[in-house]
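Architecture and fold: a report
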Amino acid sequence: MWKWFHMLASPPHFYRIAGLTIPWFGWPALVLILVGLYGGLVLAPADYQQGDGFRIFYVHVPSAIMSMMVYGIMATAAAIGLIWRMKLAHAVAAASAPIGAWFTFCALATGSLWGKPMWGTWWEWDARLTSELILLFLYLGYIALRSSIEDPQRADRASAVLALVGVINLPIIHYSVVWWNSLHQGSTMFNPGAMSIEMKWPALSMLFGFMLYYGAVLFVRLRAEVIRRERNAAWLRQELAL
Amino acid sequence: MSLADFFYMGGYAAYLWPAFGLVVLVLVYNVWSARRALAEARRAAARRLQMEETRS
């Protein structure tokens with residue numbers, strides 16, 4: 001087990017395995033997302049209160065869940081990198097940040113487009129919306145901090161600390177609709193009985209599609225990180241066919 | 001349901017289609033930018049190796 005783990009963490013092996021894994025994440029992701037879009041836009045019945053407007057749910061909720069999940073993975077990887085000084089873990093954190101930031105942007109933008117017809121406003125300084133905006137700033141701060149430090153190892157450590165401090169925001173986002181009087185509705189996705197199965201399955205298909213999509217994009221970015229950090233000239237020369 | 005009805009989305013078209021369009025655009029952009037980052041890292045590594053070669 002440990003031997004396998006070390007082999008996986010060695011850059012040449014990781015680079016090769018990541019390359020082989022990408023299509024296994026990418027193609028199923030595409031299928032699940034297309035099926036989810038068709039199910040959400042065509043097959044699912046309109047909501048009895050919000051009509052067809054509720055369908056923004058199918059892009060908004062999976063994006064929002066991913067924005068938090070990716071942050072959780074990023075912070076976990078950063079912690080592993082700090083504790084066990086594992087370069088690959090730092091690379092996972094670094095590669096996750098831009099993907100998570102884009103999911104957060106999608107959650108905020110689609111939420112705004114949903115809020116206008118339903119609440120009558122594009123934006124409200126509400127607990128849920130504000131804490132999600134802070135999540136976007138945490139991602140952007142993480143990315144900016146990394147790019148501002150020249151030495152990769154110092155950049156890894158400093159940004160990891162920032163990622164860990166930001167974890168406090170995750171429960172705040174999650175429980176914001178419970179703790180504060182929020183304009184934002186409570187959780188329907190994880191509330192049994194809140195949604196019929198015809199309404200729910202396209203959202204689950206989108207969510208699993210987004211997860212696999214994240215895996216595929218993460219591995220492409222990880223390959224770039226491995227190349228950037230690698231100083232083993234013999235392997236690089238062979239890989240780049242020089 | 002006609003195709004026009006579908007695009008009309010019960011009157012929510014102006015909010016719904018931008019939301020879906022935006023997410024699809026971001027998903028495509030992320031794949032493109034990750035692939036570009038990989039190609040860029042490979043180019044930079046190749047340059048680095050060649051510089052080391054000419055120096056030695």
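Structure first, text after, so check above.
Model, not experiment: these values are computed from the prediction.

Some remarks on the overall build of chain A
Looking only at helices and strands, one finds 9 helices and 0 strands in chain A. When the helices and strands of chain A are placed in sequence order, the string is α-α-α-α-α-α-α-α-α. For chain A, the C-alpha atoms occupy an extent of roughly 65 × 35 × 30 Å along the three principal directions. When the 242 residues of chain A are sorted by exposure, 38% land in the buried category. Sequence separation of at least 24 residues holds for 78% of the intrachain contacts in chain A that already meet a minimum separation of 6.

Digging into the interface of chain A and chain B
Taken together, the 31 residues of chain A in the interface contact 24 residues of chain B. Going through the elements one at a time, helix 3 (57-84), helix 4 (87-119), helix 8 (197-229) and helix 9 (233-239) of chain A are the ones with two or more residues in the side of chain A that touches chain B. At 10 residues, the largest contribution of residues to the side of chain A that touches chain B is made by helix 4 of chain A. Grouping the constituent residues of the side of chain A that touches chain B by class yields 20 nonpolar, 4 polar and 7 charged.

Some points on the nonpolar core
The nonpolar side chains of a soluble globular protein tend to be buried, and buried together. Counting 67 residues, the largest nonpolar core has Ile56, Met74, Ala93, Tyr213, Tyr214 and Val217 of chain A together with Ala19 of chain B as its most contacted members. Ignoring any residue separated from it by four or fewer positions in sequence, one finds Ile56 of chain A in contact with Thr110, Leu113 and Trp114 of chain A together with Tyr15, Leu16 and Ala19 of chain B.

Quick word on the packing of helix 5 (residues 127-148) of chain A against helix 6 (residues 152-166) of chain A
Helix-helix packing: each pair is described by the crossing angle between the helix axes and the interaxial distance. Residues and elements named next belong to chain A. Where helix 5 contacts helix 6, the axes come no closer than 9 Å and their chain directions differ by 170°. Overall, the two elements helix 5 and helix 6 adopt an arrangement that is roughly antiparallel. In this structure, helix 5 contributes Leu138, Gly141, Tyr142, Leu145 and Arg146 to the contact, and helix 6 contributes Ala155, Ala158, Ser159, Leu162, Ala163 and Gly166. Considering only residue class, the contact of helix 5 with helix 6 consists of 7 nonpolar, 3 polar and 1 charged.

Reading the values: the criteria
Residues numbered from 1 in each chain as written. Chains lettered and ligands numbered in written order. Predicted model: local features only at pLDDT ≥ 70, side-chain atom pairs only at ≥ 80, totals over all residues. Helix = DSSP H or I, 4+ residues; strand = E, 2+ residues; numbered from the N terminus. Buried ≥ 20, exposed ≤ 12 C-beta atoms within 10 Å, placed from the backbone. Contact = placed C-beta atoms within 7 Å. Nonpolar A, V, L, I, M, F, W, Y, C, P; charged D, E, K, R; others polar. Core = buried A, V, L, I, M, F, W, Y, C linked by C-beta atoms within 7 Å. Axes fitted to C-alpha atoms, helices over the stretch in contact; angles between N-to-C directions. Parallel < 35°, antiparallel > 145°, perpendicular 65-115°, else oblique.

Shape descriptors only; they carry no functional weight alone.
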